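# Per-entry structural report
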Amino acid sequence: MSTKPLAALILAAGRGERMNSDWPKVLHQAAGEPLIEHVIENVSNVGAKRIGVVLGAHSERIRSFLNGAEVVFQQNRLGTGHAVMQAAKRFGQWKGDLLVLPADVPCVRLETLQEFVRKHRQHSAAASILTAEVDHPAGYGRILRRGSQVIGIREDLDASRSEQRISEINSGIYVFDAVTLFKRLGDIKKNRKKKEYYLTDTIEAFVRHGESVRAHKINDQNEILGVNTRRDLAVANQVLNIRELERHSKAGVTILSPAQTFVAKGARIGRDTVIHPFTWIERGVVIGRKCEIGPFAKIRAGSKIADEVVIGSFVEVVRSKVGSKTFVKHLSYLGDAELGKQVNVGAGTITANFDGRRKHKTVVHDRALLGCDTILVAPVTIGRGAKTGAGSVVCAGQSVPPGKTVVGVPAKVLRKGKRGKK
Ligand code: UD1
Ligand code: CA
């Protein structure tokens, strides 16, 4: 088995016109993450030593998502073959394999790419194509075979009637021996209909030169879904979401209604936690064991929920920590807050964390009890075991001492014996 080093080249210069958007296609999100990030993550995890991304004009916005990848510029978008040709300066002398893939295939699994690269090496192939049999091949390039041997790829527009019936399609994901690829790119001509250089035409050139080409066929056609339209984006989002939910289910999380639950890729949820319908959990969120979340809960990025916590209906949490056995059962907003253990947050309690210019922190210590409709105008601190009366407004800069009770607007400490007096 060859152990040549691996580099990757991601093609992202296309305009993505079918999205009908002001934003570059690859910055649209599926599973809470821009499409291109899914692909970059995958290729770095598959062990690519270098990653190049082909960008076109007006793709400045994409640069900040590249995480150190090398930018290859394609001035005129003359097709996928032309896009790869632009990388000749950087990768033309790469003595190893080059994984080439489009930036709009977010659903391909890391395990699939790993196996694909492994098989390519095992067979010492010059070119490998990731393929799948699909129900609706229209629009994709078809894999042409003579017997079992791959002999080329035919683009949809150029396919004859009988070729159109081929259901094995090109995913647009390949591994090439880099030096041979750049040689073969010199052999291809502009497609007559589209006036573009097709990367797919190199396959026939490899075969003509007697270089070994293989197809690696996978079973799950969802993996190679290319996002071209908003509808495709919705499908990709669903595919990734269901995959995440299944992962959590297997790890012991109850998700009562998967179709009504969104959990971004990579969130962590502990065993025996129950997620009720219409819950939205963002990237990087950590939730402990035996929690009850939702229905209608929104837990945003930067939140960490400890064990046995209840985040109930119509509660939004962002950039906040919630300690174990704390209850936030109804109608609350917690932003930039840090809640201790066994805090009881009454219905309608909110943190007013933004003063129009900056966000401020709220700290609530263990066993505090916040009365219904409390407003905490951050920055504030509520001491251990302290209480706020219903409707109190704790003002900015205030610190409620441990064990004390505050009431009113603005909230003042209730002195012993005063309760009930005029
Ligand atoms: C391509 C394949 C097709 C395959 C399909 C899988 C070719 C000719 N066809 O078709 O066989 O079934 O993908 O999804 O390769 N891009 C550039 N520069 C360009 C043109 C495209 O960087 O000049 C990028 C795009 O941003 C995109 C990728 O290359 O990420 C694929 O281009 P796209 O136009 O979407 O190709 P398809 O028509 O989908
Ligand atoms: Ca495409």
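Predicted model only: the values in this text are computed from it and were never measured.

### Topic: the domain arrangement of the protein
Considered domain by domain, the protein is made up of domain 1 (6-224) and domain 2 (239-413). Domain 1 and domain 2 are separated by 44 Å when their C-alpha centres are compared. Counting from both sides, the interface comprises 14 residues of domain 1 and, opposite them, seven residues of domain 2. Buried surface at the junction of domain 1 and domain 2, summed over both partners, amounts to about 900 Å²; 53% is from carbon and sulfur atoms. Across the domain 1-domain 2 interface, the total number found is four salt bridges.

### As for the site of ligand 1
Taken together, 20 residues sit near ligand 1, with Leu11, Gln74, Thr80, Glu155 and Asn170 positioned nearest. Between ligand 1 and Ala13, the relevant distance is 2.9 Å, taken from an oxygen atom to a main-chain nitrogen or oxygen of the residue. The backbone of Gly79 places a nitrogen or oxygen atom 2.8 Å from an oxygen atom of ligand 1. Compared with its free state, where it exposes 750 Å², ligand 1 has 85% of that area covered by protein. Put simply, the parts of the chain that give the shell around ligand 1 at least two residues each are α3 (80-85) and β10 (168-177). Residue classes in the shell around ligand 1 are distributed as nine nonpolar, nine polar and two charged.

### Some points on the coordination of the calcium ion (ligand 2)
Protein-derived ligands of the calcium ion (ligand 2) are Asp104 (OD) and Asn228 (OD1), with the metal-ligand distances lying across 2.8 to 3.1 Å. Of this pair, Asp104 sits in the loop between β6 (97-102) and α5 (110-122) while Asn228 sits in the loop between β11 (213-218) and α9 (230-250), placing them 124 residues apart in sequence.

### Here we look at the sheet that holds strand β32 (residues 380-382)
Taken in spatial order, the eight strands of this open sheet run β14-β17-β20-β23-β26-β29-β32-β35, and their pairing is parallel. With partners counted over all chains shown, the strands left at the sheet margins are β14 (268-269) and β35 (399-400), one partner each.

### Remarks on the packing of aromatic side chains
If you walk through the whole model with that rule in mind, you get five aromatic pairs. Summarising the aromatic geometry, the rings of Tyr174 and Phe176 are spaced 5.3 Å apart at their centres and angled 25 degrees between planes, so their arrangement reads as stacked. When the ring of Phe262 is compared with that of Trp280, the centres are 4.4 Å apart and the planes differ by 25 degrees; the resulting orientation is stacked. Here the residue Phe262 occupies a position in strand β13 (residues 261-263), and Trp280 occupies one in strand β16 (residues 279-281), the gap between them amounting to 18 residues. Given a relative accessible area of 11%, Phe262 falls into the buried group. Judged by relative accessible area, Trp280 falls into the partly exposed class, the value being 38%. Grouped by ring-pair contacts, the aromatic residues Tyr174, Phe176 and Phe206 constitute a single cluster.

Calculation notes
- Residues numbered from 1 in each chain as written.
- Chains lettered and ligands numbered in written order.
- Predicted model: local features only at pLDDT ≥ 70, side-chain atom pairs only at ≥ 80, totals over all residues.
- Heavy atoms only, no water.
- Domains from an automatic or database assignment.
- Contact = heavy atoms within 4.5 Å.
- Buried area = accessible area lost by both parts, 1.4 Å probe.
- Salt bridge = Lys/Arg side-chain N within 4 Å of Asp/Glu carboxyl O.
- Near = heavy atom within 4 Å.
- Polar contact = N/O pair within 3.5 Å; in protein donor to acceptor, adjacent residues only side chain to side chain.
- Areas by Shrake-Rupley, 256 points an atom, 1.4 Å probe, with all protein chains shown as cover.
- Helix = DSSP H or I, 4+ residues; strand = E, 2+ residues; numbered from the N terminus.
- Nonpolar A, V, L, I, M, F, W, Y, C, P; charged D, E, K, R; others polar.
- Donors = N, O, S within 2.8 Å, 3.2 Å for Na, K, Ca; no water.
- Pairing = 2+ DSSP bridges.
- Phe/Tyr/Trp six-rings, centres within 6.5 Å; stacked < 30°, edge-to-face > 60°.
- Buried < 20%, exposed > 50% of the residue type's maximum accessible area, 1.4 Å probe, protein only.

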